[in-house]
Amino acid sequence: MTLASETQNRKTTVDPRTTTSTFDPDRLIDERRPGYCLDAPFYLSEEFFRRDVDAVFASTWIFAAAAAEVPEPGDFVTIDIGDYSVIIIRDDDEEIRAHHNVCRHRGARLLSEANGSVGNIVCSYHQWTYSPEGDLMSAGVQASGFDRTCFSLRSVNVRVVSGLVFICLAQNPPEDFAEVADRISPYLEPHALDRTKVAAQVDLVEHANWKLVMENNRECYHCEAGHPELTCTFFPTYGYRPEEIPKRLKPAYQRYLDAEERLRVNSERNNLPTELIEELSGRPTGFRIERAALDGKGESYTMDGAAASARLLGEFDTAELGRLSMHTQPNAWFHFMGDHAVTFSLVPLGPDKTLVRSTWLVHEDAVEGVDYDVENLTTVWKKTNEQDAALCAKAHRGISSPAYLPGPYAPTEADLEEFCTWYIERLQAHRAQNSTGGQSR
């Protein structure tokens, strides 16, 4: 097929650089071509950015933080999602709560810091004071009949799953999340994330649409050429069927098979589930989880594959447990090893800007400089994230050209097709709900 005939068949008349409503978003949603990248406005337009916030980030369960980020009562983190801002805080009874970061007096932002610790939440404007549970404790002088109990902070749905904090801004969050939590918990619990601490955290602003960042993360087509540090331990055969593995990758595949056998033995001895669960589309809470082998010494994401922390997680009797990898639609991916865990999350800052947060967790008793070295712990993923940021920026710039046409996904990019399918499903579901007058928040 020639470029001209392809253009005619797709009937693409949209200038992808536009940020105004000169295209039909609903037509683009309903005519999305399976097996191909999305049309340019999905990545570039303000219209789709607003829809993404409403239909995806404000309507589904998203990963917000590790519980280890708020270890003590009064510890908090904030997360901004479009125009929303949410406080995640541990209360005096050790329960993790989530509140809208909005004063109930005249709407001022309560906490401006990304993280910190407070006794109570005090609005700096007029000193309205709230407990970590969200109850209004003090409001100064008010009119007769003022009832403080009517002005608690607006709560946000929160669920802690084996040490991972998920939130949902919708009034009626997707009900399937409870089932997902029950299925992934047996994989996560042995890593004992409730007995970890934050060893490092890095925020990286990528100059690309959030969907490009997620798509990039969900394939390793680019890993062999783009990530020399990562492929010291991450097998570049990810996504290939055995019969499709290129000749140059055959040695790596044989190492993978050998490492998988060692992992099977070690996992059985430590009572660790390894079976792949992959349900990335066709449901509100798409997810994938699997334990797989690592290259090198097979213990961790380091330059030689050796454990980065001498203090193992949980009650493991070996560090050679490969990686338990999980990703959840729309915004998170995770790697849990025998010696540490890494969580990754993103939030869109605009059509062309995305915040990616990486957090390294080690055993709560591990001592920096004795049990682990921060640079060794973080090198592989810091370099990989920086490389991915550059690649995603190139992709965004390329899609901004009027010459851009969606290309086909390669066979190893099946997870990208699942992601786009799930994304379109969420847009359509949100549109249908709005058309029937449903209230999502």
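Residues numbered from 1 in each chain as written. Predicted model: local features only at pLDDT ≥ 70, side-chain atom pairs only at ≥ 80, totals over all residues. Heavy atoms only, no water.

- As recorded in an unreviewed UniProt entry, the protein chain goes by Rieske 2Fe-2S family protein and comes from Brevibacterium sandarakinum.
- Note on the protein chain: under the UniProt heading Cofactor (unreviewed entry), the record states "Fe cation". (UniProt positions renumbered as here; feature names shortened; annotations may be inferred.)

1. Re the sheet that holds strand 8 (residues 136–138)
1) Next: Sheet architecture is open: three strands sit in the order 6-7-8, paired in antiparallel fashion. Every interior strand has two partners, whereas the edge strands, strand 6 (121–122) and strand 8, have only one.
2) Next: Relative to strand 7 (residues 129–130), strand 6 runs antiparallel, the two being bridged by two bridges. Bridge pairing in strand 7 links I121 to Y130. (Pairing = 2+ DSSP bridges. Helix = DSSP H or I, 4+ residues; strand = E, 2+ residues; numbered from the N terminus.)

2. Some details on the domain arrangement of the protein chain
1) Next: What the domain assignment reports for the protein chain is domain 1 (32–60 + 176–431) and domain 2 (62–173).
2) Next: Taking only C-alpha atoms, the centre of domain 1 and the centre of domain 2 are 29 Å apart.
3) Next: Between domain 1 and domain 2 the total buried area reaches about 2100 Å² when both faces are included, carbon and sulfur atoms providing 66% of it.
4) Next: Put simply, domain 1 and domain 2 have zero salt bridges between them.
5) Next: Elements with a contribution of two residues or more to the side of domain 1 that touches domain 2: helix 4 (46–57), helix 5 (177–188), strand 11 (196–206), strand 14 (323–328), strand 15 (332–336), strand 16 (340–350) and strand 17 (353–363).
6) Next: Considering every element that reaches the side of domain 1 that touches domain 2, the biggest residue donor is helix 5, with seven residues.
7) Next: Residues belonging to the side of domain 1 that touches domain 2 are distributed by class as follows: 19 nonpolar, 10 polar and four charged. (Domains from an automatic or database assignment. Buried area = accessible area lost by both parts, 1.4 Å probe. Salt bridge = Lys/Arg side-chain N within 4 Å of Asp/Glu carboxyl O. Nonpolar A, V, L, I, M, F, W, Y, C, P; charged D, E, K, R; others polar.)

3. Quick look at helix 5
1) Next: If you check helix 5, its first and last C-alpha atoms are 16 Å apart, about what 12 residues at 1.5 Å a residue would give, namely 16 Å.
2) Next: F177, V180, A181, I184, S185, Y187 and L188 are the residues of helix 5 that are buried. All buried residues of helix 5 lie within an arc of 150° about the axis, which places them on one face of the element.
3) Next: Buried residues along helix 5 sit in contact with strand 9 (157–161), strand 10 (164–168), strand 12 (277–279), strand 13 (287–292), strand 14 and strand 15. (Expected span 1.5 Å × (residues − 1). Buried < 20%, exposed > 50% of the residue type's maximum accessible area, 1.4 Å probe, protein only. Arc of directions from axis to C-beta. Contact = heavy atoms within 4.5 Å.)

4. Points about the side chain of H222
1) Next: Checked against the element boundaries, H222 lands in the loop between helix 6 (210–217) and helix 7 (223–226).
2) Next: A distance of 3.1 Å separates a polar atom in the side chain of H222 from a polar atom in the side chain of E219.
3) Next: H222 has contacts with N216, H227, D388 and L391, leaving out every residue within four places of it along the chain. (Polar contact = N/O pair within 3.5 Å; in protein donor to acceptor, adjacent residues only side chain to side chain.)

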